[in-house]
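This is what each chain is made of:
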2 protein chains.
Amino acid sequence: MPRHADAPLPAGARAQAVYRALRRAIIEQALRAGTKLPEDAIGERFGVSRTLVREALTRLAIEGLVEIVPNRGATVALPTLEEARDAFEVRRGLERLMMELLAGRLSPEQCANLRDHIALEDEARARGGPESIRLAGEFHLLLAQMTGNALLERYIDEVSSRCALILSVYGRPHSPECAISEHSQILAALENDDADRAAALMDAHLQAVAERAVLASAQAADIRTLLAPFAASEGLAPAPGRKPRP
Amino acid sequence: MPRHADAPLPAGARAQAVYRALRRAIIEQALRAGTKLPEDAIGERFGVSRTLVREALTRLAIEGLVEIVPNRGATVALPTLEEARDAFEVRRGLERLMMELLAGRLSPEQCANLRDHIALEDEARARGGPESIRLAGEFHLLLAQMTGNALLERYIDEVSSRCALILSVYGRPHSPECAISEHSQILAALENDDADRAAALMDAHLQAVAERAVLASAQAADIRTLLAPFAASEGLAPAPGRKPRP
DNA sequence: TCGACCGGGATTGTATGCAATACGCTTCCC
DNA sequence: GGGAAGCGTATTGCATACAATCCCGGTCGA
């Protein structure tokens, strides 16, 4: 329920509100990667002082969603390809653990919830709505919550957000990252108490997401590689002085 | 090299210094679980304002090493048994991933480094020095660094710290958490390119650490359980109104 | 004796102020 | 014309000020 505007929020709640707002804005790509995030502009917009904005920004920086350069302020992070690989690698590890914790332990009620969620994804996807991306991510988060492991939930939330940012940078625009059938299959394996199969499916699922999006653009990211054929056709060689990232 | 005291530190460095100092103090149990952490006192001790102390404390709170309750300040976190279980669960998942990334990919140089480190642990352990605990933890961190996955490294660092705090609460005092032979065996499996065996060993290793320390005191943590036999011998029954955690 | 009530002091939450740094523009020299 | 130097503005880093909250005594009344 909406809170009356005059009522003062409890201590610490406003900082959290700013944090959440910025976080959503980044993940939903209202703030695109690389965007500058000036403290006073944000503070003015939200009606809080720079102090609280700074707190929110440092939290986001820890999560890897924003980058803070000393004396130069904060920007929405622009993950490198290496960071992208790292994130998906860790995510696969965490989600495999999640599968093992969940296999055969879901209550019928939980299964129904998951099924409903998949139906929502389905629907959004059919409409081509942009919320399909959000919903696909929430499926994973929903599973994490069902483990009852709060730390795992936090890590999966964090790494999923990071992956969302990565996809917004390297992924094809608006390609729904998760095929529906994959989520359904995973749920089926979980219900069947087949931990290995669930883990394998999830692994393949994430691998597919990562590859569809990130590896597809791996070459494009390095302008030197991109230009190589053109250079070669003109008989041009790279400058010997600079190494391509040792 | 030590920096001259008059030289101003680069921007952001002092906050980080406070953060690191507090972190070490907690992990090395100079600040024991539950200790109050007043902003003023800390700031005075380090020669910085409360602003920077707050920044450090919020970072530590995110990592789970301190607990901040609004309007009541920060204390060194006092993890519950459930949080302890969660932490070890996640840690096992992360370290298994680490084993798979490392198996068969360690350079001879890296192996030598690890062997040296194990020798150090050995030595410290023989002397019964308290640094054996720190060294044992560093072994895991060293492995994480060798994966080249910065995110994994950060997560393992975080969860290891949390486990260290947990052991300081629930573990037997000064029991070296890691048997040396276990580290050696793990390294051997890694060198042998036997990912499955390395993963299994690491799993067993962490399971053993967790069980030796945490599960051993599982009963002791619940005062009701602890008192049950005394109550029964006196013919006393628990109050029916309150449920023991539904 | 016990509980409720109520300052006083200590501690936190947030805003704001000041100094330091970086960026962009103009100007000047080659 | 290109680049280097200088200056003004915008923005950050950090400290401090003020208000709000909480804890801990004591006091009072039942």
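What you see is a predicted model, and the numbers here were worked out from it, not measured in a lab.

Participant: How should I be thinking about the pairing of strand E3 (residues 73–76) of chain B in this particular structure?
Facilitator: On a regular strand, each side chain points to the face opposite its neighbour's, so the side chains alternate between the two faces of the sheet. Residues and elements named next belong to chain B. Of the two faces of E3, the one holding Ala74 and Val76 is buried and the one holding Gly73 and Thr75 is not buried anywhere. Taken together, the 2 bridges between strand E1 (residues 36–37) and E3 define a ladder with antiparallel strand orientation. The partner of Lys36 across the bridge, within E3, is Thr75. Here strand E2 (residues 66–69) runs beside E3; their pairing, made up of 4 bridges, is antiparallel. Within E3, the position partnered with Glu67 by the bridge is Thr75. A loop of 3 residues connects E2 with E3, the two strands running antiparallel in sequence, and Asn71 in this loop sits at a positive phi of about 65 degrees.

Participant: Honestly, the confidence of the model for chain A in this entry has me stumped. Any pointers?
Facilitator: The predicted coordinates of low-pLDDT regions are not to be read in fine detail. Overall, the prediction assigns chain A a mean pLDDT of 85, with 81% of residues at 70 or greater. Confidence drops under a pLDDT of 50 for residues 237–246 of chain A, and excluding neighbours within four residues, the segment shows 2 contacts in the predicted structure.

Participant: Please clarify how the sheet that holds strand E2 (residues 66–69) of chain A should be interpreted in this entry.
Facilitator: Either a parallel or an antiparallel arrangement is found when strands of a sheet pair, and the pairing is made through backbone hydrogen bonds. Taken in spatial order, the 3 strands of this open sheet run E1-E3-E2 (chain A), and their pairing is antiparallel. Unpaired on one side and paired on the other, strand E1 (36–37) and E2 of chain A mark the two borders of the sheet.

Participant: Looking at this model, I keep getting lost on the protein's contact with DNA strand D. Mind explaining?
Facilitator: In the neighbourhood of DNA strand D, 19 residues make up the surrounding shell, with A:Glu39, A:Gly73, B:Ser49, B:Thr51 and B:Asn71 lying closest. Sorting the residues of the surface near DNA strand D by element identifies helix H2 (39–46) of chain A together with helix H1 (13–27) and helix H3 (50–63) of chain B as the ones contributing at least two each. A total of 3 residues in the surface near DNA strand D trace back to one element, the largest contributor, which is H3(B). When grouped by side-chain class, the residues that make up the surface near DNA strand D number 7 nonpolar, 7 polar and 5 charged.

Participant: Would you take a moment to explain unusual backbone geometry for this structure?
Facilitator: Trans is the common state for peptide bonds, and a negative phi is the common state for residues other than glycine. Backbone geometry places A:Gln29, a non-glycine residue, at a positive phi of 65 degrees. With respect to the helices, strands and loops of the structure, A:Gln29 is situated in the loop between helix H1 (13–27) and E1.

What counts and what doesn't
Residues numbered from 1 in each chain as written. Chains lettered and ligands numbered in written order. Predicted model: local features only at pLDDT ≥ 70, side-chain atom pairs only at ≥ 80, totals over all residues. Buried ≥ 20, exposed ≤ 12 C-beta atoms within 10 Å, placed from the backbone. Helix = DSSP H or I, 4+ residues; strand = E, 2+ residues; numbered from the N terminus. Pairing = 2+ DSSP bridges. pLDDT = per-residue confidence, 0-100. Contact = placed C-beta atoms within 7 Å. Near = placed C-beta within 6 Å. Nonpolar A, V, L, I, M, F, W, Y, C, P; charged D, E, K, R; others polar.

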